[in-house]
Amino acid sequence: MSNISFKDNYIAGEIFRDIARSIAKIAHHGAVDKSGDEYFQHPLRVAGMVEKESPLNDIAIAAAYLHDVLEATTWTETDIRSQFAAFERASVDRLITVVTLLTRTKDNVETYYEDIKKDPDALTVKLCDIRDNTDPVRLAKLSEENQIRLIKKYSKAKEKMS
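Note on numbering: residues in each chain are counted from 1, in written sequence order. It should be noted that, the model being predicted, local features are given only for residues of pLDDT at least 70 and side-chain atom pairs only at 80 or more, the latter also being counted only at that level, while totals for whole chains, interfaces and linings use all residues. Side-chain measures here rest on the full set of heavy atoms in the structure, leaving out hydrogens and waters.

Draft legend 1. Quick peek at the overall build of the chain. Helical segments are the DSSP runs of H or I of at least four residues, strand segments are the runs of E of at least two, and each set is numbered from the N terminus. What the chain contains, in helices and strands, is 10 helices and zero strands. Sequence-ordered secondary structure for the chain, helices as α and strands as β, is α-α-α-α-α-α-α-α-α-α. The C-alpha atoms of the chain give 16 Å as radius of gyration, which agrees with the globular expectation for 162 residues (15 Å, within 12%). The classification of residues rests on relative accessible area computed with a 1.4 Å probe and restricted to protein chains. Under 20% of the type maximum is buried, over 50% is exposed, and intermediate values are partly exposed. Evaluated residue by residue, the chain yields a buried proportion of 44% over its 162 residues. A contact between two residues is defined here by any heavy atoms of the two lying within 4.5 Å. Long-range contacts, defined here as pairs at least 24 residues apart, represent 63% of the contacts in the chain between residues at least 6 apart. Every accessible area reported is derived by Shrake-Rupley at a probe size of 1.4 Å, with residue values counting cover from the shown protein chains alone. Summed over all atoms, the accessible surface of the chain reaches about 9100 Å², with 53% contributed by carbon and sulfur. The charged-residue count follows a simple rule in which Lys and Arg add positive charge and Asp and Glu add negative charge, with His and chain termini not counted at all. The atoms used to mark charge sites are NZ of Lys, CZ of Arg, CG of Asp and CD of Glu. If the 24 positive side-chain charges of the chain are averaged to one point and the 27 negative ones to another, these points end up 4 Å apart. As a reference, a globule follows 2.2 Å times the number of residues to the power 0.38, and the radius of gyration itself is taken over C-alpha atoms.

Here you go:
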């Protein structure tokens, strides 16, 4: 039995996205963001933005759902990979590469934004992530101090990626 390829199969691409969405929903279950809202709504919005920009890019959309999973939950690359076992290895490897690029670690602090900048899928996801994190409606729920801090932080991030 060969593994599923979604490159020419719209339904398989939808399933790939749905698996990523389900992982994010499970991984972030019970978590809340800085404003007290359900955390899962953030990757859901980011994935929606990525889909509007690149509607046929299943890797980027799946990565948008998963962009905070490795950094903010107990899930590992192996855990994620195991959920995509039916798909061709190259697609899963690409997804893991993008998600890993989007994951800040103690080892990539200096190169985080430079590495993202070099990868079109990671860059698309990160820019949408920043757009959601700096959305005026979301920022309005935070203290003025946090609003200013986040605006500065993400402004510097966008500069590093441009």
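Draft legend 2. Structural context of the environment of D79. By the element assignment, D79 lies in helix α5 (residues 77-83). The partly exposed category is assigned to D79, whose relative accessible area is 31%. Separated by 38 residues in sequence, D79 and Q41 place their C-alpha atoms 22 Å apart.

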